[in-house]
Amino acid sequence: MKHLLSIEKLARPDMERILTDSVVMKRARGRHKAQPLAGQTWALIFSKSSTRTRVSFEVGISELGGRPMFLSAADIQLGRGEPIKDTARVMGRMLHGAIFRTYAQSDVEEFAQYSGIPTINALTDAEHPCQILADIQTIQEKQGSIAGKIVTFIGDGACNVPVSWMFAAGKLGFQLRIAAPKKFQPSAALLKRAAGKIICTEDVKAAAREADVLYTDVWVSMGKEAESAARIKALKSYQINQALVKLAKPGALVMHCLPAYRGKEIDDATFEANADTIFTQAENRLHAQKAILNWAVS
Ligand code: CP
Ligand code: NVA
């Protein structure tokens, strides 16, 4: 039984296989004959909002011959307090796979344990593995192998997206720099677990210098809305803008997992100047997730 619960738990050969297959999925879109999900129904159980993850999984499942079933957690008994392990055992008897977006990482892990069907983490507070696989596909498509590159993350360095980046750095051998205020840097325990070439700093300029990729994410992740004002104040200078891009390598990629808040983590001019990369990143969610689904059922 294969699950994609986190980049931390994804074995390096599996990660490499998914990344290779995502390129094939992209190239062969509309022409591939294999229908690995034929006759299958996969649920998307979402406790948080989503545009990209939801659309790319629904389209991807259909293109691989399966049927997607979107379930907002608020509309099923889960939202009224039915335990995860009971929901999982019911779904495991009817469905072929599940894609779960929620708060606690332990909820996705418990679902995988009890459902007996392939389970994919579509974002938790801890990690966003599908995003990072599509991002690496994008970098490799535009710049070749990520090994040896410098990826600089700027902003809330302790949220799900940079944490998945940390575990990817440990597995794929690139340097990750995280520029964030101390309070928004990953914990020492997480850094130890990731075991990669990772530098955390409060110095945004030093982090951007000679980088191959400048990457950012929202300052206020889903579930952190009550901290909005404090986060906006604390993260004010952790923005990707024209001045910062000048410090990176010529031709450096500027990336954003989206949704973007212009004037906060990125300025409008920088976003628009790099829109092709950013929306290729969004498109690659579809191809990378088809590769994840194909891997999960093989
Ligand atoms: N990047 C990302 O996961 O976007 P959604 O929240 O719209 O799915
Ligand atoms: N860190 C963001 C990612 C959104 C795709 C969040 O959790 O809201």
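Our subject is the structure that appears above.
What counts and what doesn't
- Residues numbered from 1 in each chain as written.
- Chains lettered and ligands numbered in written order.
- Predicted model: local features only at pLDDT ≥ 70, side-chain atom pairs only at ≥ 80, totals over all residues.
- Heavy atoms only, no water.
- Helix = DSSP H or I, 4+ residues; strand = E, 2+ residues; numbered from the N terminus.
- Rg over C-alpha atoms; globule rule 2.2 N^0.38 Å.
- Buried < 20%, exposed > 50% of the residue type's maximum accessible area, 1.4 Å probe, protein only.
- Contact = heavy atoms within 4.5 Å.
- Areas by Shrake-Rupley, 256 points an atom, 1.4 Å probe, with all protein chains shown as cover.
- Lys, Arg positive; Asp, Glu negative; His and termini not counted.
- Charge placed at Lys NZ, Arg CZ, Asp CG, Glu CD.
- Salt bridge = Lys/Arg side-chain N within 4 Å of Asp/Glu carboxyl O.

Another aspect to go through is the overall build of the protein. Of the regular secondary structure elements, the protein holds 12 helices and nine strands. Expected size for 298 residues packed as a compact globule is a radius of gyration near 19 Å; at 19 Å, the protein falls within 12% of this value. Dimensions of the protein, computed from C-alpha atoms along their principal axes, come out at roughly 55 × 45 × 35 Å. Sorting the 298 residues of the protein into buried and exposed places 54% on the buried side. Sequence separation of 24 or more characterises 75% of the internal contacts of the protein that already satisfy a separation of 6 or more. Here the protein displays about 12600 Å² of accessible surface, and carbon together with sulfur accounts for 52% of that area. Of the charged side chains in the protein, 39 are positive and 30 negative, and the gap between their average positions amounts to 2 Å.

Another point: the pattern of salt bridges. With the rule as written, the count across this model stands at 16 salt bridges. Across the pair Glu109 and Lys9 runs a salt bridge, and its minimum N-O distance is 3.2 Å. Placement of Glu109 in helix 4 (residues 105-115) and of Lys9 in the segment before helix 1 (12-27) is noted, with a sequence separation of 100 residues between them. With relative accessibility at 25%, the residue Glu109 sits in the partly exposed group. For Lys9, a relative accessible area of 54% gives the class exposed. Measuring nitrogen to oxygen at the nearest pair gives 2.8 Å for the salt bridge that ties Asp268 to Arg262. Shared partners join several salt bridges into a network, and the residues in it are Lys26, Glu141 and Glu283.

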